[in-house]
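Residue-level listing of the chains:
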Amino acid sequence: MADPTVTPQLRVQKTRKSRTMRDMLLSLGVVMVPILLITWLYTNNLSDYPVQPVDPTPMIAQARAEAPYPVYAPVNLPTGEGGWVVTQASWVPKGASSRSGDGASSTDEWLWGGLDQSKTYYAVNESDDDPGRVIRRLSRDGSPDGTSTVEGKQWERWVSPDGRTRVLALRENGYILAVTADAPYEGLEAMASSLGTH
């Protein structure tokens, strides 16, 4: 026997409420399934690009022979299994094709790049370009963030707007030396202290 306290109007409201909830859950599923699928594809299935190590020795020698400033590169970094992997060594003298390929370089540019044990990329840049322009490019229009003292010299600290990339910059007579990485300043200071000109 039917419950006399449940009116036909109350039955219709319960039915509508359960349909509305079911429709909302179905709609949520329709939206979430593609989002979860895309997330899974991009985080789990992309193959890793193999690291291509380079021997920086010939480029360091060429840069040191041609540069109008002392060329710095890391000295005595552990390499090989579990150590640093040098991935870039580039010397672009004034007048040669620029790295970006948009004409002749108006400056002398030295670049050393490598991955540490955690696969964090560190770069050492030197240039006789305007120091402010170099810092803006490397820090992605970042802002000053204090100083660090490395080997008795004051290096400027710069941080990118998103807080990810940090730069240590040393303005010298006629050139700028900078260390850049998406790493804490302590890592950049360690890299800066490893730099030498021989």
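Here's what I pulled together on the structure shown here. (Residues numbered from 1 in each chain as written. Predicted model: local features only at pLDDT ≥ 70, side-chain atom pairs only at ≥ 80, totals over all residues. Heavy atoms only, no water.)

The helix and strand tally for the chain stands at four helices and nine strands. Counting helices and strands in the order they occur from the N terminus, the chain gives α-α-β-β-β-β-α-β-β-β-β-α-β. Long-range pairs, those at least 24 residues apart, make up 48% of the contacts in the chain between residues at least 6 apart in sequence. Total accessible area computed for the chain in this model is approximately 12500 Å², and 57% of it derives from carbon and sulfur atoms. (Helix = DSSP H or I, 4+ residues; strand = E, 2+ residues; numbered from the N terminus. Contact = heavy atoms within 4.5 Å. Areas by Shrake-Rupley, 256 points an atom, 1.4 Å probe, with all protein chains shown as cover.)

What follows concerns the nonpolar core. Membership of the largest hydrophobic core comes to 29 residues, with the highest contact counts inside it found for Trp110, Trp155, Leu177, Met191 and Leu195. Looking at this core, the elements that each hand over two or more residues are helix H2 (57–66), strand E2 (85–92), strand E3 (109–115), strand E4 (121–127), strand E6 (153–159), strand E7 (166–172), strand E8 (175–181) and helix H4 (185–193). Judged by nonpolar contacts, the second largest core, of eight residues, contains Ile135, Leu138, Trp158 and Ala178. (Core = buried A, V, L, I, M, F, W, Y, C linked by side-chain atoms within 4.5 Å. Buried < 20%, exposed > 50% of the residue type's maximum accessible area, 1.4 Å probe, protein only.)

Okay, a nonpolar patch on the surface next. A contiguous nonpolar patch, built from Met21, Met24, Leu25, Leu28, Val31, Met32, Ile35 and Leu36 and spanning about 770 Å² of accessible area, is present on the exposed surface. Topologically, Met32 is positioned in helix H1 (residues 8–44). The partly exposed category is assigned to Met32, whose relative accessible area is 35%. (Patch = residues over 30% accessible without salt bridge, like charges linked within 9 Å, V, L, I, M, F, W, Y side chains within 5 Å. Salt bridge = Lys/Arg side-chain N within 4 Å of Asp/Glu carboxyl O.)

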